[in-house]
Amino acid sequence: MAAIFFVHGADPKNNIFDGLLETHASYHGYEMPNVCPGFQGQPIKGFSGLEALVGDDCGGKAHLWIMEYLHKGNLSLPVDYVNLSRCLDAVSSDLKYPCARFEVLVVTTLCSMKRLGFPNDIALKIAESLVLETLWTILESFDCRDVSKVEEEMQWALGDDANRDRRQRS
């Protein structure tokens, strides 16, 4: 749900988690709300508050990590690639986007940039921008669009010869 709210304008940096987990009964005043285990009593702002809310839920943490990088708008593939790959692997069934497809996208993009003679730092910036755009599209589309078509359009724009040849034949 948080990912859906995020792509439709909710800003997690405005989130404040107070450690209380409301139940149906507590919401209507029949019992006290549950207190999140390990909560220290001070409200936690932003993504840290959302992380405290999801607790040990691996999928929830993976969604939040992806959302945080999209929120920051920057990514360093040399630093973040392994963690991003793990996060996508954890939520691939939710997003209907296999981690292997992400890995192929990154490798294909970097190889294409190298083949075209781009310097490594420029190729990395292009690949990082493509990854962020792809992640945003994946979150936006959840079940609404076929992500492979979005990926194909992006590769086409980059001049991927294999996709160009395939498209010209069809």
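Computed from a predicted structure; not experimentally measured. Along each chain, the written sequence defines residue order, and numbers are assigned to residues from 1. The predicted nature of this model means local features are confined to residues of pLDDT at least 70 and side-chain atom pairs, given and counted, to a pLDDT of 80 or more, with totals for whole chains, interfaces and linings taken over all residues. The side-chain figures draw on all heavy atoms in the structure; neither hydrogens nor water molecules are used.

### Some thoughts on the packing of helix α5 (residues 77-95) against helix α7 (residues 120-141)
Okay, so step 1: Between α5 and α7, the shortest axis-to-axis distance is 13 Å and the interhelical angle comes to 20 degrees. As far as their axial angle goes, α7 and α5 are roughly parallel. Regarding α5 and α7, the two cross each other, and that crossing is left-handed. For the pair formed by α5 and α7, the contact residues are L77, P78, L84, L88 and L95 on the first element and L124, A127, E128, V131, L135, I138 and L139 on the second.
Okay, so step 2: Taken together, the residues of the contact of α5 with α7 break down into 11 nonpolar, no polar and 1 charged. Whenever a helix is involved, its axis is fitted only over the stretch in contact; in every case the axis is a line through C-alpha atoms, and angles between N-to-C directions fall within 0 to 180 degrees. In DSSP terms, a helix is any run of H or I states spanning at least four residues, a strand is any run of E spanning at least two, and both are numbered starting from the N terminus. Angle categories: roughly parallel below 35 degrees, roughly antiparallel above 145, roughly perpendicular from 65 to 115, and oblique for all the rest. By definition, turning the near helix anticlockwise from the far helix through less than a right angle yields a left-handed crossing, and turning it clockwise yields a right-handed one. Any two residues whose heavy atoms approach within 4.5 Å are treated as being in contact. Here the nonpolar group is Ala, Val, Leu, Ile, Met, Phe, Trp, Tyr, Cys and Pro; Asp, Glu, Lys and Arg are the charged ones; every other residue, Gly included, is treated as polar.

### Quick look at the packing of aromatic side chains
Okay, so step 1: Only Phe, Tyr and Trp rings take part, Trp by its six-membered ring, and two of them pair if their centres are within 6.5 Å. Stacked means planes under 30 degrees apart, edge-to-face means over 60, and tilted covers everything else. Summed over the entire model, instances satisfying the criterion amount to 2 aromatic pairs.
Okay, so step 2: Judged by centre distance (4.2 Å) and plane angle (40 degrees), the ring pair of W65 and Y69 falls under tilted. Placement of the pair is W65 and Y69 together in helix α4 (residues 58-72), with a separation of 4 residues, close to one helical turn.
Okay, so step 3: Accessibility expressed as a relative area gives 14% for Y69, which makes it buried.
Okay, so step 4: Between the aromatic rings of Y81 and F102, the centroid separation amounts to 5.6 Å while the plane-to-plane angle is 20 degrees, which identifies the pairing as stacked. Here the residue Y81 occupies a position in helix α5, and F102 occupies one in helix α6 (residues 99-115), the gap between them amounting to 21 residues. Each residue gets one of three labels from its accessible area relative to the maximum for its type: buried under 20%, exposed over 50%, partly exposed in between, using a 1.4 Å probe on protein chains only.

### Comments concerning the confidence of the model for the chain
Okay, so step 1: Averaged over the chain, the pLDDT score is 77; the fraction of residues at 70 or greater is 74%.
Okay, so step 2: Confidence scores labelled pLDDT are given residue by residue by the predictor and lie between 0 and 100. For the chain, the element scoring lowest by mean pLDDT is helix α9 (residues 161-169), at 50; α6 scores highest, at 91.

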